[in-house]
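Chains, contacts and geometry: an overview
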Amino acid sequence: MHKPILLFSFLLLFGINLGAQTDSVAPKTLLRKMELGIDGVPYMAGEAGVSILFKTRFRGPFFKGTRHRQMALRSHAKLTTYDSGFSYLIPNTNVPDTFFYRSFSGPYRHFGLSVGIEQQFVRRRLGTYIGAEAFGFAKWVDGEYRVDADPVGPEPPNNIAIFDGSFSEKAFGLAGLVGIRYFILRPLSIGLEAHFSAALNFTEVQNYENGQILYDNSRVLDFRLQPIRVLYLSYHFGR
């Protein structure tokens, strides 16, 4: 008589314990522990190099019905190069009916790094997130200046001077960010991210003209809204 009661009591306690363990197991979620993404914005702009986004879980995931969320640490690294330049009109009243232009061109190098934190949400296949980050970047180029005279009329422009020069730009700032992504498959998503940033920007221009080195330095506080700052394909992994 006592053995069936003991056996029933044991099975009841085992069932309660098993049920408690089953209830504590988190349901499946698309929010994984780590994420590695490739940013396509530099390639769309004609740059060559690499731009990657890495995220790792900081807290969570937390579940509420079909809506899941977690906090993640993030970092974004960029190392690219591209050919670019600029030109501007040089005022010169000594030579009538002629416009003088100074242009600069060369291969730019761009290195950028950011670290931050974000709160991620996902419901079914659609994910969103908000966050903030600190960032810094450097751009620099060693190129060539040209001065061209363009007379009014049918005569073509002619070059009157060529000399070396350099340009560098550095910035350090903070940014708020918001993003949206869609999970194509459980481990793959495509995402779009927008930034609003404030940065202290330093520029330095050097001209090596007529045996002299001329400097032009500036420092400005730059506010910038980038509706498409990162467009990426990500691989999600880890539990």
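Remember, predicted model here, so these are calculated numbers, not experimental data. (Residues numbered from 1 in each chain as written. Predicted model: local features only at pLDDT ≥ 70, side-chain atom pairs only at ≥ 80, totals over all residues. Heavy atoms only, no water.)

Details of the side chain of Ser189
Defined as follows: Secondary structure counts use DSSP, requiring at least four H or I residues in a row for a helix and at least two E residues in a row for a strand, with both numbered from the N terminus. Think of it in three bands: with a 1.4 Å probe and only protein chains considered, a residue is buried below 20% of the maximum accessible area for its type, exposed above 50%, and partly exposed in between. N or O atoms closer than or at 3.5 Å make up a polar contact, with two conditions inside protein: a donor-capable atom paired with an acceptor-capable one, and, for residues adjacent in sequence, both atoms drawn from side chains. By the convention used here, residues are in contact when the closest approach between their heavy atoms is within 4.5 Å.
One can find Ser189 in strand β7 (residues 188-209). For Ser189, a relative accessible area of 0% translates into the label buried. Looking at Ser189, its side chain comes within polar contact range of the side chain of His236, at 2.7 Å. Contacts of Ser189, omitting those with residues within four sequence positions, involve Arg181, Tyr182, Phe183, Ile184, Tyr232, Leu233, Ser234 and His236.

With respect to the pairing of strand β8 (residues 212-237)
We apply this condition: Being paired, for any two strands, means DSSP has found at least two bridges between them.
With six bridges connecting them, strand β1 (residues 34-39) and β8 associate as antiparallel partners. Its bridge partner being in β8, Asp39 is matched across the sheet by Tyr232. Where β7 lies against β8, 21 bridges are found, and the strand directions are antiparallel. In the sheet register, Glu193 faces β8, and the bridge partner there is Val230.

Things to note about the sheet that holds strand β2 (residues 48-64)
Across a sheet, strands are paired by hydrogen bonds formed along the backbone, either parallel or antiparallel in direction. This is how it is decided: An axis is simply a line fitted to the C-alpha atoms; with a helix, the fit covers only the stretch in contact. Between two such axes, the angle follows the N-to-C directions and lies from 0 to 180 degrees.
The antiparallel closed barrel is built from eight strands, whose spatial order is β1-β2-β3-β4-β5-β6-β7-β8. Neighbour-to-neighbour, the strand axes of the sheet open up by a mean angle of 20 degrees, direction not taken into account. Pairing analysis gives five bridges linking β1 to β2, with the strands arranged antiparallel. Note on β2: the bridge partner recorded for Leu36 is Phe54.

Notes on the side chain of Asp148
Here Asp148 shows up in strand β5 (residues 126-151). A distance of 3.3 Å separates the side chain of Asp148 from the side chain of Arg146, its partner in a polar contact.

Description of a nonpolar patch on the surface
Formally: Only residues whose relative accessible area exceeds 30% and that form no salt bridge enter a patch; like-charged residues are grouped when within 9 Å of one another, and nonpolar side chains (Val, Leu, Ile, Met, Phe, Trp, Tyr) when within 5 Å. All accessibility values rest on the Shrake-Rupley procedure with a 1.4 Å probe; residue burial counts only the protein chains present in the view. By definition here, a salt bridge exists when the distance from a side-chain nitrogen of Lys or Arg to a carboxyl oxygen of Asp or Glu is within 4 Å.
Residues Met44, Leu126, Ile180, Tyr182, Ile184, Leu185, Ile190, Leu192, Ile228, Leu231 and Leu233 make up a contiguous nonpolar surface patch of roughly 1,000 Å² in combined accessible area. The set of elements that each furnish at least two residues to the nonpolar patch consists of β6 (158-185), β7 and β8. Broken down by element, the nonpolar patch gets its largest block of residues, four residues, from β6.

Considerations on the packing of aromatic side chains
As a reminder of what qualifies: Note on aromatic contacts: the rings of Phe and Tyr and the six-membered ring of Trp form a pair at centre separations within 6.5 Å, being stacked when their planes are under 30 degrees apart, edge-to-face when over 60 apart, and tilted otherwise. For a Lys NZ or an Arg CZ to count as sitting over a ring, it must be within 6 Å of the ring centre and within 35 degrees of the ring normal.
Following the criterion strictly, the structure yields four aromatic pairs and no others. On the basis of an interplanar angle of 10 degrees and a centroid distance of 5.3 Å, the ring pair of Tyr82 and Tyr108 is categorised as stacked. In this pair, Tyr82 sits in strand β3 (residues 67-90) while Tyr108 sits in strand β4 (residues 98-123), placing the two residues 26 residues apart along the sequence. Centroid distance Tyr235 to Phe237: 5.6 Å. Interplanar angle 20 degrees. Geometry classified as stacked. For Tyr235, a relative accessible area of 44% translates into the label partly exposed. Phe237 gets classed as partly exposed once you look at its relative accessible area, which sits at 26%. The aromatic ring of Tyr129 is capped on one face by Lys55, whose charged end is 3.9 Å from the ring centroid.

Quick word on the pattern of salt bridges
The full count for this structure, using the stated rule, is nine salt bridges. Here Glu118 makes a salt bridge to Arg74, at a shortest N to O gap of 2.8 Å. Residue Glu118 is located in strand β4, and its partner Arg74 is located in strand β3; the two are separated by 44 residues in the primary sequence. Put simply, Asp148 and Arg146 hold a salt bridge, and the shortest N to O gap is 3.3 Å. Residue classification places Asp148 among the buried positions, given a relative accessible area of 16%. Several salt bridges converge on common partners, so that one network encompasses Lys55, Arg74, Glu118, Glu133, Glu193 and Arg229.

Side note on the environment of Leu231
Along the chain, the position of Leu231 falls in strand β8. Leu231 gets classed as partly exposed once you look at its relative accessible area, which sits at 33%. Residues Leu231 and Ala194 lie 37 residues apart in sequence; the distance between their C-alpha atoms is 9.2 Å. Apart from residues lying up to four places away in sequence, Leu231 is in contact with Ile38, Asp39, Gly40, Val41, Met44, Gly191 and Leu192.

Describing the environment of Asn210
On the secondary structure map, Asn210 appears in the loop between β7 and β8. Residue classification places Asn210 among the exposed residues on the basis of a relative accessible area of 74%. Along the sequence, Asn210 and Ala161 sit 49 residues apart, while their C-alpha atoms lie 9.8 Å from each other.

So yeah, pure geometry; function would need other evidence.
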